[in-house]
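One-letter residues, chain by chain:
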Amino acid sequence: RWLYHSTKNISGYFTFNNAKLLFDENDFMEGGYTSNAAININDSGIGYAALSSYFRDSNPDSAHTIIIRKTTDYGATWSGEEGTGTNGTDYHYIPEAVLQDRFFDDGLMIRSFLDSSGDSVKFDQPFVTYNLDLLTTHSGGVHIFATVIPATSGSVYPAIDESCGIYHFYSDDPSYSNGWEVHFVASTQISFFYDDNWRRIYPSAAISKDNPDVLYVSYMGVADTSSVSFNYDIFVQRSIDGGQSWEPAVNVTSTSKFGEDEVYPQLASVAADDEAYLIFESPEYDIITVEPPDDQADFMNRVYFAKAKFKPLGTETQSFLPELIALEPNYPNPFNPKTVITFTLPAAMETELTVYDLLGEEVATLSSGLFDAGYHSITWDARNFPAGVYLAHLRAGGLTKTRKMILLK
């Protein structure tokens, strides 16, 4: 992966210096396992470039992980030259042990499951998939956004559980391997059931120009589904606490016709506190633009610009209503002893939120009755309950939604 770097701009025309090799294919496993690179540099000249890959020959690490280089001079020079990075490499990266600790030990991702024959399958590591995005903070830290799924040594499991999805990684110093924070953003499990698209669904990110704690993530996802068809819409989510928690997704496109897709969103990396800006593609499959070979498709593909609007900070006024019944991941998770459970309703309806243990026994009714349309948050104080895994069940509109919660003591 090569960097083209320029400091010469005359009336919009750039003259580039010689390309610099940032990520050398000789360092990574052969066979297409290395993603495209993402890059972002702040106004002070501090920035990062990153990709996901396996190291060649599983040395020095066997995880398909995030691999990083850092600049402090607007891209003129980069960290890690001549093996001065982590463990004698040219790069900073997130080791397999840290990934396991953050995802499995912290309860962000399931560690094992029973297959159809009743045998237990234990996951070896989280697998960072094939594309990512990043933002450099004003102070020089790095936010990285990637799709992550569980894996064994020979297989990946893209739709095995709601924990398959988009995650936020943060570090103020990537050279310190154990300093990474990881937060869940959104499940893409339902999208991965269709079209084997876990390789193609990836996040794009933005940060507010006025508030470094306001972040945005966009992605495409399956919206309307039937037993035979589906369509993709564009979603955007916002965090106002630096990526630790995420508001419910806004469906920017919200088309309802099967096969009417909006795909591959790209956020402008700079946003406002209550508004983000993006482009996305919308293919028209019936309009063939070039007669293709039999094994390819060549159809009209339009590009659109959109604004995603959110409620102003510091107000309680909702600028939009949710379109679906949804039970969001509780926060924090794991927790001790309190956690907040958020759910959304598109219309007023009778709603019940209960908690079950893994034996299927109801242990608490947190709310029951008529709730207005909108966003609702309920706090569960579990100080009188034993440590363990619990299930939050939301019943509303004839549907049941479930989330796994982990109580630590």
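Residues numbered from 1 in each chain as written. Predicted model: local features only at pLDDT ≥ 70, side-chain atom pairs only at ≥ 80, totals over all residues. Heavy atoms only, no water.

**A look at the overall build of the protein**
Looking only at helices and strands, the protein features two helices and 29 strands. Taken over the C-alpha trace, the protein has a radius of gyration of 22 Å; the compact-globule value for 409 residues is 22 Å, and the two agree within 12%. Here the protein holds 409 residues, and the buried ones make up 48% of them. Counting only carbon and sulfur atoms, one obtains 48% of the accessible surface of the protein, whose full area is about 19,500 Å². When the 25 positive and 55 negative side-chain charges of the protein are each reduced to one mean point, those points stand 4 Å apart. (Helix = DSSP H or I, 4+ residues; strand = E, 2+ residues; numbered from the N terminus. Rg over C-alpha atoms; globule rule 2.2 N^0.38 Å. Buried < 20%, exposed > 50% of the residue type's maximum accessible area, 1.4 Å probe, protein only. Areas by Shrake-Rupley, 256 points an atom, 1.4 Å probe, with all protein chains shown as cover. Lys, Arg positive; Asp, Glu negative; His and termini not counted. Charge placed at Lys NZ, Arg CZ, Asp CG, Glu CD.)

**Considerations on the packing of aromatic side chains**
If you walk through the whole model with that rule in mind, you get 29 aromatic pairs. Every member of this aromatic cluster is reached through a ring pair, and the members are Phe 23, Phe 28, Phe 55, Tyr 91 and Tyr 93. (Phe/Tyr/Trp six-rings, centres within 6.5 Å; stacked < 30°, edge-to-face > 60°.)

**A word on the sheet that holds strand E27 (residues 374-381)**
Pairing between the strands of a sheet comes from backbone hydrogen bonds, and it takes one of two forms, parallel or antiparallel. Taken in spatial order, the three strands of this open sheet run E23-E24-E27, and their pairing is antiparallel. Each having just a single partner strand, strand E23 (326-327) and E27 make up the two edges of the open sheet. (Pairing = 2+ DSSP bridges.)

**Re the side chain of Asp 233**
Relative to the helices and strands, Asp 233 resides in strand E17 (residues 230-239). Its relative accessible area of 1% is what places Asp 233 among the buried residues. Within the structure, Asp 233 has its side chain in polar contact with the side chain of Asn 231 (distance 3.5 Å). Of note is the side chain of Asp 233, whose polar atom sits 3.2 Å from the side chain of Thr 253. (Polar contact = N/O pair within 3.5 Å; in protein donor to acceptor, adjacent residues only side chain to side chain.)

**Brief notes about the pattern of salt bridges**
Evaluation of the coordinates by the stated rule reveals 11 salt bridges. Residues Lys 309 and Glu 275 are paired through a salt bridge, measuring 2.3 Å at the closest nitrogen-oxygen approach. Taken together, the positions of Lys 309 in strand E22 (residues 299-309) and Glu 275 in strand E21 (residues 275-288) put the pair 34 residues apart, joining distant regions of the chain. Judged by its relative accessible area of 12%, Glu 275 falls in the buried class. Measuring nitrogen to oxygen at the nearest pair gives 3.2 Å for the salt bridge that ties Glu 352 to Arg 395. Of the two residues, Glu 352 is situated in strand E25 (residues 349-357) and Arg 395 in strand E28 (residues 388-396); the sequence distance between them amounts to 43 residues. A relative accessible area of 27% means that Glu 352 is categorised as partly exposed. Through salt bridges that share partners, Lys 20, Arg 69 and Glu 81 make up one connected network. (Salt bridge = Lys/Arg side-chain N within 4 Å of Asp/Glu carboxyl O.)

**Structural notes on helix H1 (residues 96-105)**
Taken together, the buried positions of H1 are Glu 96, Val 98, Leu 99, Arg 102, Phe 103 and Phe 104. At the C-terminal side of H1, Gly 107 shows a positive phi close to 80 degrees.

**Thoughts on the sheet that holds strand E13 (residues 165-171)**
With respect to topology, four strands assemble into an open sheet ordered E11-E12-E13-E14, the strand pairing being antiparallel. If you trace the sheet from one side to the other, it starts and ends with strand E11 (125-136) and strand E14 (181-187), each paired once. Along the sheet, successive strands turn relative to each other by an average axial angle of 25 degrees, direction set aside. Direction of pairing for strand E12 (residues 142-151) relative to E13: antiparallel, over a ladder of seven bridges. Within E13, the residue paired with Phe 145 across the bridge is His 168. Along the sheet face, H1 touches E11, E12, E13 and E14 and points at about 90 degrees away from the line of E11. (Axes fitted to C-alpha atoms, helices over the stretch in contact; angles between N-to-C directions. Contact = heavy atoms within 4.5 Å.)

**A few points about the pairing of strand E26 (residues 362-371)**
Summarising the sheet, E25 and E26 pair through eight bridges and their orientation is antiparallel. Paired with Glu 350 across the strands is Leu 370, a residue of E26. Between the end of E25 and the start of E26, which pair antiparallel, lie four residues, with Gly 360 showing a positive phi angle near 85 degrees.

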